[in-house]
Amino acid sequence: MSEILLEIAVCIFVSLLIMIMHELPKSIVYKIVCKGNGCSKIGSHSIFEVWRYIDPVGIILSVTCYAPVSKPHMFRIREKNTNIILGITGFAVNILLFTGSVIILRYGYGGESGIFAALNTGIVDRILVLAVQYIAILSFGMFVVNLFPVSTFDMGLIIAGISARYYLNIIKSDSVIKLILMITLLLDIIHYACIRMLNVLL
C-alpha cells in the first residue's frame, strides 16, 4: 500500500511540474514576441503565476491515463506566426523532457537492469527513479495529447497559424475531437505506446 501511495504522490508531483514546464516557456515566448510587436499588455495575470497552468483534470488524467493536460495562459494572438511558434514551443518542451529523461534512465541508471537495481535500494533512489520515469511517461503522454487538434492545444495553435478557416473547422468539430481523445485515453493507447517505446529505448 505504501508503494502505491508513493507512486501516486510522485506521479502527481511530476504532473504538476510538467504542466508548468509545458506552459511557462510558451508564455515567455509569447511575452517576448508580444514586446517585439509593441504590445503593452499580454493579459490580466503574470505569466509567472505558475499555479494557473495547473489543471485538476490534468492531474486526474496523469494518475489514471498517464496523459496530462495543462491550462494555457489566456493569450490574445493576432499574428499567425506567433500561433505557430507557440505550438512548436509546446511540442519542443515535451520532446526535450522525454529525451532528457530517457538519457538519464539509460545512462544514469544503466538501462532497465540499472533502474530495477535503483528501485530496490533506498527511498531517495526510488523516488528519483520514479520521478524520472514519470517525466518520460507523462511528457510523452502530453505530447501525444497535444497532437489532437483541440483549439487550445499545441496542434490547435499551429492550425490557427496556418489557416483561420481550418481553425474554425476544428472549433466546430471540437466535441467530436474530444470524444476521440477520451476514447483513446480510456483504451490506454497512449500509455501502451509509451511503454513499448521505453522498452525499445532502454
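Coordinates for the structure precede this section.
Predicted model, so just to flag it, every value in this text is computed and none were measured. (Residues numbered from 1 in each chain as written. Predicted model: local features only at pLDDT ≥ 70, side-chain atom pairs only at ≥ 80, totals over all residues. Heavy atoms only, no water.)

As a packed pair, helix α5 (residues 123-147) and helix α9 (residues 189-201) sit with axes 10 Å apart at the nearest point and diverge in direction by 130 degrees. By the angle class used here, α5 and α9 are oblique. At the point where α5 passes α9, the crossing takes the right-handed sense. Where α5 approaches α9, its residues A136, I137, F140, G141, V144 and V145 are matched on the opposing element by I190, H191, A193, C194, I195, M197 and L198. Here the residues of the contact of α5 with α9 sort into 11 nonpolar, 2 polar and no charged. (Axes fitted to C-alpha atoms, helices over the stretch in contact; angles between N-to-C directions. Helix = DSSP H or I, 4+ residues; strand = E, 2+ residues; numbered from the N terminus. Parallel < 35°, antiparallel > 145°, perpendicular 65-115°, else oblique. Left-handed = near helix turned anticlockwise from the far one by under 90°. Contact = heavy atoms within 4.5 Å. Nonpolar A, V, L, I, M, F, W, Y, C, P; charged D, E, K, R; others polar.)

What follows covers the packing of aromatic side chains. A full pass over the atoms with the stated rule returns 3 aromatic pairs. Ring centres 6.2 Å apart and planes at 20 degrees place the aromatic pair Y66 and Y134 in the stacked group. Linking Y66 in the loop between α2 (56-64) and α3 (80-108) with Y134 in helix α5, this pair joins segments that are 68 residues apart in sequence. By the burial criterion, Y66 is buried, and Y134 matches it. (Phe/Tyr/Trp six-rings, centres within 6.5 Å; stacked < 30°, edge-to-face > 60°. Buried < 20%, exposed > 50% of the residue type's maximum accessible area, 1.4 Å probe, protein only.)

Our focus in this paragraph is the nonpolar core. Counting residues in each nonpolar core, the largest one holds 43 residues, and the members touching the most others are V14, Y134, V145 and L185. At the level of secondary structure, the elements contributing two or more residues to this core comprise α1 (2-36), α3, α4 (111-119), α5, α8 (174-186) and α9. The element contributing the most residues to this core is α5, with 13 residues. Leaving out residues up to four positions away in the same chain, L185 has contacts with L61, C65, A67, V145 and I190. (Core = buried A, V, L, I, M, F, W, Y, C linked by side-chain atoms within 4.5 Å.)

This paragraph deals with the pattern of salt bridges. Applying the stated criterion across every chain yields a total of 5 salt bridges. The partner of R52 in a salt bridge is E49, and the shortest N-O contact between them spans 2.4 Å. Relative accessible area serves as the criterion here: at 36%, R52 is assigned to the partly exposed category. Here K178 ties to D174 by a salt bridge, and the two come within 3.1 Å at their closest N and O atoms. Linking K178 with D174, this pair stays in helix α8, spanning 4 residues, or about one helical turn. Given a relative accessible area of 40%, K178 falls into the partly exposed group. The exposure class of D174 is buried, given its relative accessible area of 18%. Residues joined by salt bridges that share partners form a network here, namely E23, K26 and D154. (Salt bridge = Lys/Arg side-chain N within 4 Å of Asp/Glu carboxyl O.)

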